[in-house]
Amino acid sequence: MDIDLTKGNLKKHFRTISVPASIGFLFNTFYNVVDSIYAGRLGTEQLAGMAISFPIFFLIISISSGLGNGTTALSAIAIGEKDKIKFHGLSKNALFLSIIFGILIPIFSPIYLPFLFGLTGASGTVLEVGVAYTTMILIGSVFFITNNVLSGVLNAQGLTKPFRNYLIAGFLLNIILDPMFMYGWLGLPAMGVTGVALATVIIQFLGNIYLAYHVVKSNYFDFGFFKEAKIKVMYIKNILGQGIPATLNMATIALGVFIINYFVLQYGGDSTIAAYGVSMRIEQIALIPTIVLNVAVLSIIGQNYGAMNIERIKEARKKGIFYGVIIMLIGTIIIVPLAPLLVSIFDSNPDVIRAGTTYLRIEAFAFTSYVFLNINVSTLQGIKKPKFAIVLGIYRQLLPFGLFFLLGTTLNMGIYGVWWGIVFINWSAVALSHFYTKRKLNELYNLT
């Protein structure tokens, strides 16, 4: 049953959309942990080989997320406009783009893979494992992208439970398929880390079938409209116009991780970089509720933009920020005193625990900044102003070059300069996004 997000209690809509999505994202995080645990059992080189493939894997995630968010925004707007022809045209063209990207990514991999793996400096077994794992993932990239597009169509209708159910089922199935393909159970050949990738591809494919079923079953979907819909340049242009900024914004995050890693190694060494990696996992789990609030904000604002309910758009943004800040303050209260214990779950090295604790307790000052950043970006995407996300992403990733050097070396703050630099960059980005979003909302209000 789809939800009319232009009417009714906003608090109820946030709960209906966000709670299932939160559970789904949590199990998706567990899914990645399971992959790492199994790969680690094969040996350090196998785990390292899978790790160096992250930037390429993140490329697929960025494209998938970008097209998914673009589909959510535009489909929600079409629902708000009560335009079924546009809704089904967007759905069909988004699926068409997912297939095109899913074909092009592996076809052109011989061109970009050597360059990207060359940047890692990996060699020997680590490089061989990384290439084998990545090649299998790239073959299944069409399934990754299609899942996000199908989820986008459902999210636009306020339906997040199907994706939640898929992520939970995928996590449970992964526990079985990983060792089955890795070790060669039931007479299958032992594939090692490549088996981990194959398990992921199969689960993504099954997700296509499951999510497609729920799209077809949803109340707003009409197979007759979908069949009559044409592949049109206008739809493709609009989807890419929404999707590319979101994709590039995510891509800059990967760049930012490389930059931070570089300075962490300069000022802190191996134990500190390990602590940063562990702390990031803890932080990502803490941020899950705020990430799914973006889904709710994007869906609600998209539908209300289509219906031109400007006051409701402003109210949805405020409520999204309010709920997010409350959640992150609770998370901060939990994480700050328990930081040493949380880090020790991943690594018992005293140096790692000490460095991770320091990072988390400083980063706690930035936790709520992610709420403002994510909600503002989702708001802009919901009112068809997505390009600012690129500007914000570039700002957050280029500023560290000078700032980390200034604080770490010139002011002799060392690793503390990196940690406090992250806090400053985030809050200054919040200020930029706040003023820009408010301006665009006021412009929208003046037009009505």
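Look up a bit, the structure's there.
This structure is a prediction, so every number in the text was calculated from the model and none was measured. (Residues numbered from 1 in each chain as written. Predicted model: local features only at pLDDT ≥ 70, side-chain atom pairs only at ≥ 80, totals over all residues. Heavy atoms only, no water.)

As for the overall build of the protein chain
1) Next: Helix and strand content of the protein chain: 17 helices and 0 strands.
2) Next: For the protein chain, whose C-alpha radius of gyration is 22 Å, the value lies close to the compact-globule estimate of 22 Å for 448 residues.
3) Next: Considered along the principal axes of its C-alpha atoms, the protein chain spans approximately 60 × 60 × 40 Å.
4) Next: For the protein chain, with 448 residues in total, the buried portion stands at 53%.
5) Next: Taking as baseline every contact in the protein chain between residues at least 6 positions apart, the subset at least 24 positions apart corresponds to 83%.
6) Next: If you sum the accessible surface of the protein chain, you get close to 19700 Å²; carbon and sulfur atoms cover 69% of it.
7) Next: If the 31 positive side-chain charges of the protein chain are averaged to one point and the 18 negative ones to another, these points end up 11 Å apart. (Helix = DSSP H or I, 4+ residues; strand = E, 2+ residues; numbered from the N terminus. Rg over C-alpha atoms; globule rule 2.2 N^0.38 Å. Buried < 20%, exposed > 50% of the residue type's maximum accessible area, 1.4 Å probe, protein only. Contact = heavy atoms within 4.5 Å. Areas by Shrake-Rupley, 256 points an atom, 1.4 Å probe, with all protein chains shown as cover. Lys, Arg positive; Asp, Glu negative; His and termini not counted. Charge placed at Lys NZ, Arg CZ, Asp CG, Glu CD.)

What about the packing of helix α4 (residues 84–107) against helix α7 (residues 141–156)?
1) Next: Contact geometry of α4 with α7 gives a least axis separation of 8 Å together with a crossing angle of 165°. If you check the angle between α4 and α7, you find them roughly antiparallel. Crossing handedness for the pair α4 and α7: right-handed. Residues F87, S91, A94, L95, S98, I99, F101, G102, I105 and P106 of α4 form the contact with α7, whose participating residues are S141, V142, I145, T146, V149, L150 and V153.
2) Next: Considering only residue class, the contact of α4 with α7 consists of 12 nonpolar, 5 polar and no charged. (Axes fitted to C-alpha atoms, helices over the stretch in contact; angles between N-to-C directions. Parallel < 35°, antiparallel > 145°, perpendicular 65-115°, else oblique. Left-handed = near helix turned anticlockwise from the far one by under 90°. Nonpolar A, V, L, I, M, F, W, Y, C, P; charged D, E, K, R; others polar.)

Examining empty space enclosed by the protein
1) Next: Taken as a whole and assessed by the stated rule, the structure comprises 1 cavity of 30 Å³ or more.
2) Next: Considered as a void within the structure, the largest cavity measures approximately 40 Å³ in volume.
3) Next: Taken together, Q242, P245, A246, V377, Q381, P386 and A389 form the lining of the largest cavity.
4) Next: For the lining of the largest cavity, the elements supplying multiple residues, two or more each, are α11 (233–267) and α15 (367–382).
5) Next: Residue contributions to the lining of the largest cavity peak at 3 residues, all from α11. (1 Å grid on protein atoms, 1.4 Å probe; cavity = no way out; pocket = protein on both sides within 12 Å on 5 of 7 lines; lining within 4 Å. Points joined across faces, edges and corners; volume = space filled by probe spheres on them.)

Observations concerning the packing of helix α8 (residues 161–183) against helix α9 (residues 193–217)
Helix-helix packing: each pair is described by the crossing angle between the helix axes and the interaxial distance.
1) Next: Packing of α8 against α9 leaves a shortest axis separation of 9 Å and a crossing angle of 150°. Relative to α9, the element α8 is oriented roughly antiparallel. α9 is crossed by α8, and the crossing has right-handed handedness. Between α8 and α9, the residues in contact are P162, F163, N165, Y166, G170, L173, N174, L177, D178, F181 and M182 and G195, V196, L198, A199, I202, I203, Q204, L206, G207, Y210, L211 and H214, respectively.
2) Next: Residue composition of the contact of α8 with α9, by class: 15 nonpolar, 7 polar and 1 charged.

Topic: the side chain of T437
1) Next: Along the chain, the position of T437 falls in helix α17 (residues 415–447).
2) Next: Taking relative accessible area as the criterion, T437 reaches 0% and is therefore assigned buried.
3) Next: Polar side-chain contacts of T437 include one of 2.6 Å to the backbone oxygen of S433.
4) Next: If near-sequence neighbours (up to four positions away) are discounted, T437 is found in contact with R317, N376, T379 and L380. (Polar contact = N/O pair within 3.5 Å; in protein donor to acceptor, adjacent residues only side chain to side chain.)

Topic: the pattern of salt bridges
1) Next: For the coordinates displayed, the defined rule picks out 4 salt bridges.
2) Next: Put simply, R354 and D351 hold a salt bridge, and the shortest N to O gap is 2.9 Å. Remark: D351 and R354 occur in helix α14 (residues 350–363); sequence separation between them is 3 residues, near one turn of the helix.
3) Next: When the shortest N-O distance is used, the salt bridge between K440 and E443 registers 3.3 Å. (Salt bridge = Lys/Arg side-chain N within 4 Å of Asp/Glu carboxyl O.)

Remarks on the packing of aromatic side chains
1) Next: According to the stated counting rule, one finds 12 aromatic pairs in the structure shown.
2) Next: Between F14 and Y323, the ring centres sit 5.4 Å apart and the planes meet at 75°, which makes this aromatic pair edge-to-face. Of the two residues, F14 sits in helix α1 (residues 10–42) while Y323 sits in helix α13 (residues 310–346), which places them 309 residues apart along the sequence. Y323 matches F14 in its accessibility class, with the two residues each being buried.
3) Next: Plain terms: the ring middles of F365 and W420 are 5.4 Å apart, the flat faces sit at 40° to each other, and that makes the pair tilted. Of this pair, F365 sits in the loop between α14 and α15 while W420 is found in helix α17, placing the two residues 55 residues apart along the sequence.
4) Next: The exposure class assigned to W420 is partly exposed, which follows from its relative accessible area of 34%.
5) Next: Counting every residue linked through ring pairs, the aromatic cluster contains F14, F322 and Y323.
6) Next: The positively charged end of K84 is found above the aromatic ring belonging to Y220, 5.1 Å away from the centroid.
7) Next: Sitting above the plane of the F226 ring, K92 keeps its charged end 5.5 Å from the centroid. (Phe/Tyr/Trp six-rings, centres within 6.5 Å; stacked < 30°, edge-to-face > 60°. Lys NZ or Arg CZ within 6 Å of the ring centre and 35° of its normal.)

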